[in-house]
Amino acid sequence: MKGWMSRFKAVFALTVMALILSGCGESFLSALQPSGEGASMLLDLMILSIVIMLFVFVIVMIIYVFVIFKFRQKKGQEDIVPKQVEGSHALETLWTVIPIILLLILAVPTIQYTFALADTSPETTEEGEELDQIWVDVTGSQYWWHFEYRDLEVTTSQELYIPTDRRVNLSMISNDVIHSFWVPTIQGKMDVNPTGNKNEMYIQAEEEGVYWGKCAELCGPSHSLMDFKIVAVSPGEFEQWVEDMQSVSGEEEPESETAQAGQQVFADNCMSCHAIGSSPNKTGPNLTNFADREKLAGVFDMNEENLREWIATKGEEMKPGNSMMDAPYDLSDEEINQVMEYLMTLSPSDVTPESANNGVYEDSDLSGLFPEESEGEGSGEGEGNSDSEGNNNSESGSDSESGNNESSGNNSEGDSEGSSSENSNDNSDSNSDE
Amino acid sequence: MAEDVLKSGDLPENPERATLEGRNKFMGFWFFLGGETVLFASLFGTFLALRNSNAGGPAAEDIFGLGLVFIMTVLLLTSSLTSVYAMYHMKNNDFKKMQLWLGITVVLGLGFLGMEIYEFYHYVHGYEFGFTTSAFSSAFYTLVGFHGAHVAFGLSWFVALMIRNAKRGLNLYNAPKFYIGSLYWHFIDVVWVFIFTVVYLLGKVG
Amino acid sequence: MSTTANQKAGIGSVLWDYLTTVDHKKIAILYLIGGMFFFLVGGLQAMLIRIQLIVPENEFLSAQFYNEVLTMHGTTMIFLAAMPLLFALMNAVLPLQIGARDVAFPFVNALGFWLFFFGGIFLNISWFTGGAPDAGWTAYAPLSVFSEGHGVDYYSIGLQIAGFGTLMAGINFLVTVINMRAPGMTYMRMPLFTWTSFIASVLILFAFPALTVGLFLLTFDRLFGANFFNPDMGGNAIIWEHLFWIFGHPEVYILILPAFGVFSEVIPAFAKKRLFGYSSMVFATILIAFLGFMVWAHHMFTVGLGPIANSIFAVATMAIAVPTGIKIFNWLFTLWGGQIRMTSPMVFALGFIPTFTIGGMTGVMLASAAADFQYHDSYFVVAHFHYVIVGGVVLGIFAGLIYWWPKMFGTLLNEKLNHWFFWLFFIGFHLTFFLQHFLGLMGMPRRYWTYLEGQNLDLFNLISTIGAFFMAVGTLVFLYNVVKTQMKGEKVSGDPWDARTLEWSIPSPPPFYNFKQEPLVRGLDPLWIEKMQGNGKIQPAEPLGDIHMPNRSLTPFMISLGLFIAGFGIMYQGGMWVLAGIGFATTLGSMLYRSLKDDIGYHVHKEELEEEGDGSNG
């Protein structure tokens, strides 16, 4: 199927794409300039449907223009009575059957892609070995996004770091109203529902970059300001970033005195909502790598002026209706300065949004992030396992109690998606020394 | 002439459908019941989706007692039968007997309604199972309450018709009104059969 | 015989006349005025939206107010403008097209209007009492449950009241078509507008109760502490989406089918040819309606129903394109070989064909479930449904209004101004909405109060706003035309368009009893048949006799007023409960009054009728 699809595409893609679609919008935002596996597939599907539909449209327009010019009443013809045609079975059959065929051509890949995009099972290498899965628990809140890397002890908000060329699975839930997670260049959107309706999808970026994400479901006054970013860095950089983030405890003392004072102010006033380091607290955005953020609160330029206004006014004008407006703190100008200085020290990693654009590519299979694999290697079963897959699962199940327990707990919460998180596999061990 | 429809006695075979207005009412009411079917279907759908969402409050098997509900079912089904008798006598132009059977129908319906009120009272005070207790309780009271409101409306309808026409008897003008009243009553009955099955039996069994 | 036969006269009584009328032609005018008023209100809201989006990071409206405006724009246009305007056309024309003297339930007809009217007013009072609803016209829970203030309460109660009215109107037209057709008017001789209105009424009957339930649940959640949509108490927000779209998708067809009907009348009339493939048009209409009930979840592809459900609904949705395509080609082949007159209704119909084809194309694209993950809730969807609703329904409403204006008012709107109106509106429409397809794909989600600079969304938004101004000017031209024409008051004959169907065989505007004698219908397009084979006049099916007419009544107004008052009581509770008491007492009391009081109508006598001409369009 993929074969004839791409051939079909090849005929039209250049002309249609070049003429109409490309150059539409920005490469970090437009669904017409995909940088991810999902978005590319969807663009293929769109082009197929556009081509079919344009074919229909052209036929309609040819007949339309012809009849309007040909059969217009001319002067002196007022008394002519045209033949009162009842219909034509042949014609009517024709324009019933042809659309059905065209729709079937569209329906088949539609169904195929619908199932393909809903698949969150592990990726496999060319040899058929299953790769480790990265699962991120996404929480949408009015009006920000929270990301917890399952089993990695990494928590962040607003900017989601992912490795390129690797699927990252998302398990999404909302803290309040319905939101919708949309990164047009990477993947189509998926609603983020309140309790009881957990949704899963995968994202995969093919190139490094900072991609803009949007909330696509009306969620309140600041719906249009609920932006987030996906920072796609090379796998090696991603591994580095995770390790750096894991090392943050939130207790680190900053160097300057002002910042130290700011840390105290932060602990007294902000800590109950904002965590630093991995933490289950998601009352407010996690600030572990705050100073590395590309945008403040998702949409504002990251500068002192904006930050000051945000802290001082609790974002009242900047993001109407945000929950920080209910925060009870009352800081003096000096305290605000101290907190700001402290916040700007929160840069645990050299891997930042800039790393996504610097052209450096470090490869990794990320197996270093999944410690249970190294045990497998130690006992030397790694290679044996990769031959027989059936064995593989049961082995890994007993290998990694903590990891599996947690993920199966998550599974039973999500309603129907079945066994989606077999996240421990020994197969990729052979590469793990890279 | 127009007043002819108010004359009682000497009515044709099917008085409820003898005039255009009667036929219109008859047909319009059937459509209305079609819409009501969708209404109750939506309520049933909602109830089914939420019937296990008791959020820590009482669950279906904790509170429902089939005995009372069974008696209510018998009452309402019997009242449907008595309303059939009433319509039978209407077609035979026997106004007195029609009124009698309609009266019995109303008494049975009142009995049903009284027991339902008792049932709700019992849930609220015996089990602290109120409208706002859980999603399940909201769905239960809404579905069964909508049905109860329909019963109450149907009863007042019958009573109003019976009192209004007590003296002048049956004619072509009021025959359709009695007839669609009884149609409505049958509909309420059918809905109750579903409530009995879906809410109570299913709630008790599993 | 009765005093009611006396026609009240005098200027002061006009108001009373319209408050108590049960005449379908007057109710049509009431619907027209109500619908036009709300159309202008909704249009004003649309202009506010476009002005806000004219430049990035605009501060013209506040975020909260913007959400209120966009919610009310959608709600107003769908429920309070498009529906009543279509009801105006149906009321004005449908009984005439089937040779009936009135609808089956004139009283219920009036009740339907007043319920719509009070529901619409109720909804709009929210502007003055602390804020309009702000959760979108779809009012997705739990946003609509959490929404502060009483805005969403106005939404749920106002639409509830208006919805009852719509349901009644639907049942009324169903029975009218089934029971009130003139002799010889078989189902397969009914004009397409009657057919599509009939099928739309079936949709109303089965779709609106789902909305009724949804609104009840929302009201209970908000005002009485129920937990249907509250996740913390076991509720499930997705139930609302299902209920809303089980209603909402058929609603789209409720709107578009009558518009299809209008075009199916206008095109044959001005192509001087019978409708090509009449029976397949009827069949296609029924098929669209049938399929329309099994596709609601295509609004919910991204909700997470899973790939199986998504695929089923995707294929079902695509299937609707087939009957719709049949219609497009049938219209084209009606034109084929005809004698096309470029009158203004015809120009609207011709403008509709390509516009709606684009709307249908994007519809099929949206049906492709996977691709919809990109389109969904973006400006692509906004563009799509405006192509369908404005390009289909609104063009249809205006085509129908201009076409049947002589039948409703006895005057003819100025053709030149109509053409101006069309071109301004049509060009403005495409300017506004065509580029929005691209805006959506370029990453602009719908319902965005503002967009940031540097996303390359500025230019298309600016063009879109400019287009909106064209549409506004076009609408003003139409209003000017209406005022000018009615001031002038130049009467036209009963058949100014040289048309084909039964309504054109009687005077414009028709006498209150419509047909002096029941017409005898000899085939499809009865007037055309008589023009070709007879003397151009419809033969009567009965000798001249007394005509039975319904009495006028204030009761419909009172029933609706009662619900209107009760709505405030339910909403504000506390001491305001007394209002609920008064309101429900008024409503139930009026219903009781209606039930107990004999209302058997009156007769227009043969002798009176004989004095008034022969009842033809002369």
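Residues numbered from 1 in each chain as written. Chains lettered and ligands numbered in written order. Predicted model: local features only at pLDDT ≥ 70, side-chain atom pairs only at ≥ 80, totals over all residues. Heavy atoms only, no water.

### Digging into unusual backbone geometry
Outside of glycine, negative phi angles account for most residues, and trans bonds account for most peptide bonds.
Then step 1. Of note, the amide linkage connecting Ala 141 of chain C to Pro 142 of chain C takes the cis form, showing an omega dihedral of 0°.
Then step 2. Relative to the helices and strands, Pro 142 of chain C resides in the loop between α4 (106-125) and α5 (143-146).
Then step 3. A cis amide bond links Ser 508 of chain C to the next residue, Pro 509 of chain C, at an omega of -15°.
Then step 4. Summarising the element assignment, Pro 509 of chain C is placed in the loop between α15 (458-488) and α16 (526-533).
Then step 5. You will see that Asp 165 of chain A, though not glycine, has its phi angle at about 55°, which is positive.
Then step 6. Its relative accessible area of 40% is what places Asp 165 of chain A among the partly exposed residues.
Then step 7. Unlike most non-glycine residues, Arg 447 of chain C shows phi in positive territory, near 60°.
Then step 8. For Arg 447 of chain C, the position within the fold is in the loop between α14 (415-441) and α15.
Then step 9. The exposure class assigned to Arg 447 of chain C is buried, which follows from its relative accessible area of 9%. (Helix = DSSP H or I, 4+ residues; strand = E, 2+ residues; numbered from the N terminus. Buried < 20%, exposed > 50% of the residue type's maximum accessible area, 1.4 Å probe, protein only.)

### A few points about the pairing of strand β1 (residues 134-141) of chain A
The two faces of a sheet get side chains in turn, since along a regular strand they alternate between them.
Residue and element names in this part refer to chain A.
Then step 1. Burial within β1 is extensive, with eight of its eight residues counted as buried.
Then step 2. On β1, burial covers both faces: Ile 134, Val 136, Val 138 and Gly 140 on one face and Trp 135, Asp 137, Thr 139 and Ser 141 on the other are all buried.
Then step 3. The sheet contact formed by β1 and strand β5 (residues 168-174) spans seven bridges and is parallel. Among the inter-strand pairings, Ile 134 is bridged to a residue of β5, identified as Val 168.
Then step 4. Relative to strand β2 (residues 144-149), β1 runs antiparallel, the two being bridged by six bridges. Note on β2: the bridge partner recorded for Asp 137 is Glu 148. (Pairing = 2+ DSSP bridges.)

### Re a nonpolar patch on the surface
All names here are of chain C.
Then step 1. Residues Trp 423, Ile 427, Leu 459, Leu 462, Ile 466 and Phe 470 make up a contiguous nonpolar surface patch of roughly 550 Å² in combined accessible area.
Then step 2. At the level of elements, α14 and α15 are the ones that each hand at least two residues to the nonpolar patch.
Then step 3. In terms of residues, the nonpolar patch owes the most to one element, α15, which gives four residues.
Then step 4. Among the secondary structure elements, Ile 466 is positioned in helix α15.
Then step 5. Overall, the relative accessible area of 41% leaves Ile 466 in the partly exposed class. (Patch = residues over 30% accessible without salt bridge, like charges linked within 9 Å, V, L, I, M, F, W, Y side chains within 5 Å. Areas by Shrake-Rupley, 256 points an atom, 1.4 Å probe, with all protein chains shown as cover. Salt bridge = Lys/Arg side-chain N within 4 Å of Asp/Glu carboxyl O.)

### A few points about helix α6 (residues 151-179) of chain C
Then step 1. With 29 residues, α6 of chain C extends 42 Å between its outermost C-alpha atoms, agreeing within 8% with the 42 Å of an ideal straight helix rising 1.5 Å per residue.
Then step 2. For α6 of chain C, a buried count of 25 out of 29 residues is recorded, marking the element as mostly surrounded by other parts of the structure. (Expected span 1.5 Å × (residues − 1).)

### Overview of the sheet that holds strand β9 (residues 209-215) of chain A
Residues and elements named next belong to chain A.
Then step 1. Reading across the sheet, the five strands line up as β4-β10-β9-β6-β7 and stay open at both edges, with mixed pairing between neighbours. Whereas interior strands pair on both sides, the edge strands pair on one side only; in this sheet they are β4 (159-163) and β7 (187-192). Across the sheet, the mean angle from the axis of one strand to that of its neighbour is 25°, orientation sign disregarded.
Then step 2. Here five bridges tie β4 to strand β10 (residues 228-233), and the two strands are oriented parallel to one another. From the neighbouring strand, Pro 163 faces β10, where its bridge partner is Val 233.
Then step 3. Those strands touched by helix α4 (residues 235-246) are β4 and β10, and its axis lies near 130° from that of β4. (Axes fitted to C-alpha atoms, helices over the stretch in contact; angles between N-to-C directions. Contact = heavy atoms within 4.5 Å.)

### Quick word on the domain arrangement of chain A
Residue and element names in this part refer to chain A.
Then step 1. Taken domain by domain, chain A holds domain 1 (2-72 + 88-117) and domain 2 (134-356).
Then step 2. When each unit is reduced to the centre of its C-alpha atoms, the spacing between domain 1 and domain 2 is 39 Å.
Then step 3. If you look at the interface, domain 1 gives 17 residues, while domain 2 gives 15 residues.
Then step 4. Together, Phe 28, Ser 35 and Glu 37 form the three largest contributors to the area buried by domain 1 at its contact with domain 2, with a combined 46%.
Then step 5. Summed over the shared surface of domain 1 and domain 2, the result is one salt bridge.
Then step 6. A salt bridge links Glu 37 to Arg 167; its shortest N-O distance comes to 3.0 Å. (Domains from an automatic or database assignment. Buried area = accessible area lost by both parts, 1.4 Å probe.)

### Some words on the sheet that holds β2 of chain A
Residues and elements named next belong to chain A.
Then step 1. Strands sit in the order β3-β2-β1-β5-β8 across an open sheet of five strands; the sheet is mixed. The open sheet terminates on both sides in strands that have one partner only, identified here as β3 (154-157) and β8 (199-203). Ignoring which end each strand starts from, the neighbouring axes of this sheet average 25° apart.

### Side note on the nonpolar core
Then step 1. Core analysis: the largest hydrophobic core is formed by 397 residues, its most contacted members being Phe 181 of chain A together with Phe 140 and Tyr 200 of chain B.
Then step 2. Residue contributions to this core peak at 22 residues, all from helix α3 (residues 63-97) of chain C.
Then step 3. In this structure, Tyr 200 of chain B is in contact with Phe 64, Leu 66, Val 69, Glu 119, Tyr 123, Phe 140, Val 144, Trp 192 and Ile 195 of chain B, ignoring residues within four places of it in sequence.
Then step 4. In terms of nonpolar packing, the next biggest core, distinct from the first, is built from six residues, Tyr 513, Met 549, Tyr 602 and Val 604 of chain C among them. (Core = buried A, V, L, I, M, F, W, Y, C linked by side-chain atoms within 4.5 Å.)

### Observations concerning the interface of chain B and chain C
Then step 1. Chain B puts 40 residues into the contact, and the matching count from chain C is 42 residues.
Then step 2. In total, chain B and chain C occlude about 3,300 Å² of area from one another, counting both sides; carbon and sulfur atoms represent 73% of this.
Then step 3. For the pair chain B and chain C, the interface holds two salt bridges.
Then step 4. Arg 168 of chain B is the salt-bridge partner of Asp 598 of chain C, the closest N and O atoms lying 2.4 Å from each other.
Then step 5. At the boundary of chain B with chain C, the tally comes to 12 residue pairs in polar contact (both at pLDDT 80 or more).
Then step 6. The biggest single contributor to the side of chain B that touches chain C is helix α1 (residues 20-50) of chain B, with 18 residues.
Then step 7. Class assignment for the residues of the side of chain B that touches chain C results in 21 nonpolar, 12 polar and seven charged. (Polar contact = N/O pair within 3.5 Å; in protein donor to acceptor, adjacent residues only side chain to side chain. Nonpolar A, V, L, I, M, F, W, Y, C, P; charged D, E, K, R; others polar.)

### Describing the pairing of β4 of chain A
Then step 1. For β4 of chain A, the buried fraction is high: five of the five residues fall into the buried class.
Then step 2. The alternating pattern of β4 of chain A places Glu 159, Tyr 161 and Pro 163 of chain A and Leu 160 and Ile 162 of chain A on opposite faces, both of which are buried.

### What to know about the side chain of Ser 144 of chain C
Residue and element names in this part refer to chain C.
Then step 1. Among the secondary structure elements, Ser 144 is positioned in helix α5.
Then step 2. A polar contact of 3.5 Å, which involves the side chain of Ser 144, links it to the backbone nitrogen of Ala 141.
Then step 3. Excluding residues that lie within four positions of it along the chain, Ser 144 makes contacts with Ala 135, Ala 139, Val 152, Leu 218 and Arg 222.

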